[in-house]
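Structural overview for review
Spelled out, the chains give:
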Amino acid sequence: MTKTVNNKAWFLVLPVFLIVAFSAVLPLMTVVNYSVQDTFGNNQFFWNGVGWFQELLDPTTDLGGRFFDSLWRTLLFSAIILMIEVPLGILVALSMPREGWTVALSLVLMALPLLIPWNVVGTIWQVFARGDIGLLGWVVNHLGIDYNYTGDPLDAWITIVVMDVWHWTSLVALLCYAGLKSIPDAYYQAARIDGASRWAVFRTIQLPKMRRVLLIAVLLRFMDSFMIYTEPFVLTGGGPGNATTFLSIDLVKLALGQFDLGKAAAMSLVYNLIILAICWVFYTIMTNVDAQKERVEA
Amino acid sequence: MSDSVALKTSGIKAAAAPAAANKALAGPRVNGRVVVMTLYLLFLMLPIYWLVNMSLKTNTEITSGLTLWPQNLTFDNYITIFTDRSWYSGYINSLTYVLINTVLSISFALPAAYAFSRYRFLGDKHLFFWLLTNRMAPPAVFALPFFNLYSAIGLFDTPWAVALAHCLFNVPLAVWILEGFMSGVPREIDETAAIDGYSFPRFFVKIFMPLIASGIGVAAFFCFMFSWVELLLARTLTTVNAKPIAATMTRTVSASGMDWGLLAAAGVLTIIPGALVIWFVRNYIAKGFALGRV
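One structure accompanies this document, and this report is about it. Because the structure is a prediction, the values reported are computed rather than measured.

So, on to the interface of chain B and chain A. Counting from both sides, the interface comprises 111 residues of chain B and, opposite them, 111 residues of chain A. Of the roughly 9,900 Å² buried at the junction of chain B and chain A (both faces included), carbon and sulfur atoms supply 78%. Viewed at the interface, chain A and chain B are joined by one salt bridge. Where Asp224 of chain A meets Arg135 of chain B, a salt bridge forms, and the shortest distance between an N and an O atom there is 3.4 Å. Run the count over chain B and chain A and you get 14 residue pairs in polar contact (both at pLDDT 80 or more). A total of 14 residues in the side of chain B that touches chain A trace back to one element, the largest contributor, which is helix H3 (residues 30–55) of chain B. Looking at the side of chain B that touches chain A, its residues break down into 83 nonpolar, 13 polar and 15 charged. Relative to strand S1 (residues 119–120) of chain B, strand S1 (residues 4–5) of chain A runs parallel, the two being bridged by two bridges. Looking at the pairing, Val5 of chain A lines up with Arg120 of chain B of S1 of chain B.

The following block contains the structure:
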């Protein structure tokens, strides 16, 4: 669809621009302000230049070491859950019933975890995985496996990953399902006439048609897992030790726990820049895919 | 190999009933699909069942041993919540800011989404990208500055503070979803309406909005969802008067140990609004999750 050039459209966008700028730009200015100052309490601030940034980006300092540790943990976490949730989501989408009342039932049940407040998600798993009163922890322990997510770092990681898979796989599945639903029956009929195998149908019809929604799914899942805070905070509080202290948890500890405003602000900015860079890569890929699609259709 | 053979036989059946082609193609794999689906749904429901199960037990029963269903069914935990003001006001607070946020986000996003879907203008692509980055910005970054900002303008500890703060990620999301749905409406409709003498606001409200009603519903659903599930900002921006239910839940940890039953009951009650909302938009869920772009 061709769009007309009309700069008056800015008037329609202006309210959104203002309200988002109010919530985004003003606070960000505060952060920038803090990031170049030091404080000794009593609301006295001193100019510190790029000192915090130098410390933050140097892994040999306390702050830098802490920052890079949480950064790698967060990246590892995002990588793991993408590797599990994307294939599992596709599998579930392919397994969705095609018609009848089971479709609505499956959709509603699948969407349910997505609408549970994040700290309740943490609470549910905190209870569910406990060795004494939780079904999962109890069963695993009675199978003879020593499992304790509050004491063992590996167990804590497994629990958080399983919790995230429980929480978010449905998002990927629903997105893929939407992509699959948009494939006309004619495609399948053509594949049948050609005698295509199930794998070939998936590879040449279903996967390409899902590409766009999959891109959105990967983008949303990556971003949301990269800034995950509430669920692991409730479940493990970042522990045992620092084993599950992700970037957001570390940041909140620094800012609201220790009130180390300068360090926290510098960390926020670097964190935000990383997000911005990744976001830009995704956005570019997405617009390219769209442009390709438009060329093909035209 | 066996797959493709099966595929051909199912093809013969499908030829007799082309409407069921999709189903027939998947015919040979029906069992595998049912197994995957059943296991997945079971995996999703078990933790929720456990929470419901616990909310209907007494604390003695919870801590004394594992029971798969309540032996002494009790509704005391729910009664406590519905009769104690400090508990149920948490639900009212949460619902208040969620509703304010949803109404704000949709009414701001509607005209903007229209502009993005119909016109090119100076900096449109950059603006859209900038909006998108705000959806992706980690709330942890904004927790402290928001605290300062809303304290400074005197909105701290009101539902408005949380509602405005949640606009940070909900407005961009609403614009994104609505733009997707609006781009599916042909431009000819706009032009016809203009020829028929409709002014722009009248056209927008009377003709255009009914056309994208499902899109508005989906966008509202998502605003509701993300505002309802977010806690970090909501907790940072409130202390007493506007405290969300999710923050009230931490009260169950007391000197005498955890009140597990009460915690579980409060958790179950936070699931219910979500479940109700899903039921209303169930037919649009799939399209909505694809942000109107399939």
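Now that the structure has been shown, we can carry on.
Okay, helix H8 (residues 139–152) of chain B next. Residues and elements named next belong to chain B. With 14 residues, H8 extends 19 Å between its outermost C-alpha atoms, agreeing within 8% with the 20 Å of an ideal straight helix rising 1.5 Å per residue. Along its length, H8 reaches its greatest deviation from straightness, about 35°, at Pro145. Among the 14 residues in H8, ten count as buried, and that is most of the element. Every buried residue of H8 is listed here: Pro139, Ala140, Val141, Phe142, Ala143, Leu144, Pro145, Phe146, Leu149 and Tyr150. At the exit of H8 stands Gly154, carrying a positive phi of roughly 75°.

Here we take up the nonpolar core. Judged by nonpolar contacts, the single largest core of 200 residues is most densely connected at Met110 and Met223 of chain A together with Phe146, Val175, Met182 and Phe226 of chain B. For this core, the element with the most residues is helix H9 (residues 159–183) of chain B, which contributes 17 residues. The residues that make up this core include at least three from each of domain 1 (2–55) and domain 2 (82–289) of chain B. In contact with Phe146 of chain B, not counting residues within four places along its chain, are Ser23 and Pro27 of chain A together with Ser151, Ala165, Leu168, Leu233 and Leu237 of chain B.

Moving on, we get to the environment of Arg66 of chain A. Residue and element names in this part refer to chain A. Along the polypeptide, Arg66 turns up in helix H3 (residues 62–95). Using a relative accessible area of 24% as the deciding quantity, one classes Arg66 as partly exposed. For the pair Arg66 and Thr245, spaced 179 residues apart in sequence, the C-alpha to C-alpha distance is 9.8 Å. If sequence neighbours within four positions are ignored, Arg66 has contacts with Asp250, Lys253, Leu254 and Gln258.

Calculation notes
- Residues numbered from 1 in each chain as written.
- Chains lettered and ligands numbered in written order.
- Predicted model: local features only at pLDDT ≥ 70, side-chain atom pairs only at ≥ 80, totals over all residues.
- Heavy atoms only, no water.
- Contact = heavy atoms within 4.5 Å.
- Buried area = accessible area lost by both parts, 1.4 Å probe.
- Salt bridge = Lys/Arg side-chain N within 4 Å of Asp/Glu carboxyl O.
- Polar contact = N/O pair within 3.5 Å; in protein donor to acceptor, adjacent residues only side chain to side chain.
- Helix = DSSP H or I, 4+ residues; strand = E, 2+ residues; numbered from the N terminus.
- Nonpolar A, V, L, I, M, F, W, Y, C, P; charged D, E, K, R; others polar.
- Pairing = 2+ DSSP bridges.
- Expected span 1.5 Å × (residues − 1).
- Bend = angle between axes of the 7 residues up to and from the residue.
- Buried < 20%, exposed > 50% of the residue type's maximum accessible area, 1.4 Å probe, protein only.
- Core = buried A, V, L, I, M, F, W, Y, C linked by side-chain atoms within 4.5 Å.
- Domains from an automatic or database assignment.

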